[in-house]
Amino acid sequence: MPCDRMLIAYDGSEHAKRAVQYAGRFLSAERAILLTAWEPMVRQAARISGLAGVMQPEWVPDEEIEDIAYTDARKINAEGVQLAKQAGIDAEARTVECTTTIWNAIVDCADELDVDIIVAGTRGTTGLRALLHSSVAEAVLKHGHRPVFLVPPEH
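Let us look at the structure shown here. (Residues numbered from 1 in each chain as written. Predicted model: local features only at pLDDT ≥ 70, side-chain atom pairs only at ≥ 80, totals over all residues. Heavy atoms only, no water.)

Comments concerning the packing of aromatic side chains
Within the structure shown, the criterion is met by two aromatic pairs. Ring centres of W38 and Y70 lie 5.1 Å apart, and the angle between their planes is 45°; on these two criteria the pair is classed as tilted. Of the two residues, W38 is situated in strand 2 (residues 29–38) and Y70 in helix 3 (residues 68–86); the sequence distance between them amounts to 32 residues. (Phe/Tyr/Trp six-rings, centres within 6.5 Å; stacked < 30°, edge-to-face > 60°. Helix = DSSP H or I, 4+ residues; strand = E, 2+ residues; numbered from the N terminus.)

This is the structure in structure tokens:
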């Protein structure tokens, strides 16, 4: 029995590609949304310089020029939609600007669309690496309010 709405989180990584393939193999939905969350370059630069302890210069993006991160997100999203079609999923494209964290953008979009399930790939890190690098998939599972279909990396 298919669900009504499925949200597939897609960032272009091999893990996300694998999740799309498994979603096509095991899940069906009346409506599938392939989501790519993106963070504007100005915020990425501020975060990185802040982590490095470098003073961030005053940088205001030109309103006339499209943010390269948004351009990349749309390209990645289109690739994901094509991959979903190849996996038998007729997914609609959606990008969302991340204002806090990627996982938060995914959970908020899932709530907004009232999806029945969220699909995501995992990196499969353990031990010290897992402690140093927070997992988007783990945070979606922990903070989301709906079922999550997690696909681990191939071993």
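Having seen the structure, we can now continue with the description.
Side note on unusual backbone geometry
One non-glycine residue, D114, adopts positive backbone phi at about 50°. Secondary-structure assignment places D114 in the loop between helix 4 (102–113) and strand 4 (117–121).

A look at the environment of A19
With respect to the secondary-structure elements, A19 resides in helix 1 (residues 14–26). Separated by 133 residues in the primary sequence, A19 and P152 place their C-alpha atoms 8.0 Å from one another. In this view, A19 contacts V119, A120, G121 and V151; residues no more than four positions away in its chain are not counted. (Contact = heavy atoms within 4.5 Å.)

Concerning the packing of helix 4 against helix 6 (residues 136–143)
At a minimum axis separation of 9 Å, helix 4 and helix 6 run at an interaxial angle of 45°. One way to sum up the angle between helix 4 and helix 6 is to call them oblique. Note on packing geometry: the crossing formed by helix 4 with helix 6 is right-handed. Judged by residue contacts, I102, W103, I106 and V107 of helix 4 engage V136, A139, V140 and H143 from helix 6. In terms of residue class, the contact of helix 4 with helix 6 is made up of seven nonpolar, one polar and no charged. (Axes fitted to C-alpha atoms, helices over the stretch in contact; angles between N-to-C directions. Parallel < 35°, antiparallel > 145°, perpendicular 65-115°, else oblique. Left-handed = near helix turned anticlockwise from the far one by under 90°. Nonpolar A, V, L, I, M, F, W, Y, C, P; charged D, E, K, R; others polar.)

Notes on the sheet that holds strand 5 (residues 148–151)
Ordered in space as 3-2-1-4-5, the five strands form an open sheet in which the pairing is parallel. The strands lining the two open edges of the sheet, one partner per strand, are strand 3 (91–97) and strand 5. Sheet twist, expressed as the mean angle between neighbouring strand axes with direction ignored, is 25°. Here six bridges tie strand 1 (residues 3–9) to strand 2, and the two strands are oriented parallel to one another. Directly across from R5, in strand 2, lies its bridge partner R31. Here helix 1 sits on the sheet in contact with strand 1, strand 2, strand 4 and strand 5, set at roughly 120° to strand 5. Here helix 6 sits on the sheet in contact with strand 4 and strand 5, set at roughly 160° to strand 5. (Pairing = 2+ DSSP bridges.)

Details of the nonpolar core
Grouped together as the largest cluster of nonpolar side chains are 19 residues, with contacts concentrated most on M6, I8, V20, L34 and I89. Every element with two or more residues in this core is listed here: strand 1, helix 1, strand 2, helix 3 and strand 4. With four residues, helix 1 is the largest single contributor of residues to this core. For V20, the residues in contact, after removing those within four places along its chain, are I8, Y10, L34, L83, A84, A87 and I89. With 14 residues, the next largest nonpolar core counts L7, C109, A110 and V115 among its residues. (Core = buried A, V, L, I, M, F, W, Y, C linked by side-chain atoms within 4.5 Å. Buried < 20%, exposed > 50% of the residue type's maximum accessible area, 1.4 Å probe, protein only.)

Re the environment of Y22
Mapped onto the elements of the fold, Y22 is located in helix 1. Between the C-alpha atom of Y22 and that of V151, which follows or precedes it by 129 residues, the distance is 7.3 Å. Residues in contact with Y22, not counting those within four places in the same chain, are L27, F149 and V151.

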